[in-house]
Amino acid sequence: LDALTGKMIWKHPVSASVKNSIAIADGKIFAQDILGHLYALNTETGTLEWETKLPISTPPGLIEGLTATDQIVYAGSGKALSALDAASGKLLWRNDAWNRREGTTSTLSANDDVVIGSVQWSALYANDARTGKLLWARSDSGLRNRGASAAIHGNLIYIISEKAFFILDAQTGRTIVRKDLGYS
């Protein structure tokens, strides 16, 4: 849409519903639908630059959000969590350490070092952003029960989970701060 007038500039059909956040990098808009189709659209024209199918078996549908940093888009969840070259769609790595079960409303978070994903009622996971190797998983202290997305700043992760606010070390998952909030 034109930001000033609201007039539609372009639209692009998708195979199924897009249920969460989109991302922009390398002049492209990235979106994933509930069936695991990942779309890369030209931001100016809406033209499909590339499309790939993530190995999502449904149900449940893929409702998690994706993210992009620099020239890499991170999409999918569980063993479909993938890092792809934003320009070409070439697969850089795919997670092989943790499975998805039920969907979560959270969005992947990433910086140059880590990608944070989760499975609701299971755990919060950190994968190495360059290799996809699992760095750590946390399900204790209420970290398995949250719908919040993590925010990453430097080497710190900020997240609200169950009844507490956490600051975690991004590389190790170690709790630096836990502040009980007194409500759920």
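Rules of the game
Residues numbered from 1 in each chain as written. Predicted model: local features only at pLDDT ≥ 70, side-chain atom pairs only at ≥ 80, totals over all residues. Heavy atoms only, no water. Patch = residues over 30% accessible without salt bridge, like charges linked within 9 Å, V, L, I, M, F, W, Y side chains within 5 Å. Areas by Shrake-Rupley, 256 points an atom, 1.4 Å probe, with all protein chains shown as cover. Salt bridge = Lys/Arg side-chain N within 4 Å of Asp/Glu carboxyl O. Buried < 20%, exposed > 50% of the residue type's maximum accessible area, 1.4 Å probe, protein only. Pairing = 2+ DSSP bridges. Helix = DSSP H or I, 4+ residues; strand = E, 2+ residues; numbered from the N terminus. Axes fitted to C-alpha atoms, helices over the stretch in contact; angles between N-to-C directions.

### With respect to a nonpolar patch on the surface
A contiguous nonpolar surface patch, about 220 Å² in accessible area, is contributed by V14, V18 and I22. Owing to a relative accessible area of 40%, V14 belongs among the partly exposed residues under this scheme.

### Looking at the pattern of salt bridges
In total, this model carries five salt bridges according to the counting rule given. The partner of R138 in a salt bridge is D140, and the shortest N-O contact between them spans 2.6 Å. Given a relative accessible area of 11%, R138 falls into the buried group. For D180, the salt bridge goes to R178, with nearest N and O atoms at 2.9 Å.

### What about the sheet that holds strand 10 (residues 114-119)?
Read from one edge of the open sheet, four strands run 9-10-11-12, paired in antiparallel fashion. Looking along the sheet, the strands with just one partner apiece sit at the ends: strand 9 (109-110) and strand 12 (134-138). Relative to strand 12, strand 11 (residues 123-128) is paired through four bridges, and the arrangement is antiparallel. Within the sheet, the bridge partner assigned to A126 lies in strand 12 and is W136.

### Quick word on the sheet that holds strand 1 (residues 23-25)
Strand pairing in a sheet is mediated by backbone hydrogen bonds. Such pairs are either parallel or antiparallel. Taken together, four strands build an open sheet; the order of strands is 1-2-3-4 and the sheet is antiparallel. Whereas interior strands pair on both sides, the edge strands pair on one side only; in this sheet they are strand 1 and strand 4 (48-53). On average, each strand axis in the sheet is tilted by 20° relative to the strand beside it, whichever way the strands run. Relative to strand 3 (residues 37-42), strand 2 (residues 28-32) runs antiparallel, the two being bridged by five bridges. From the neighbouring strand, K28 faces strand 3, where its bridge partner is N42.

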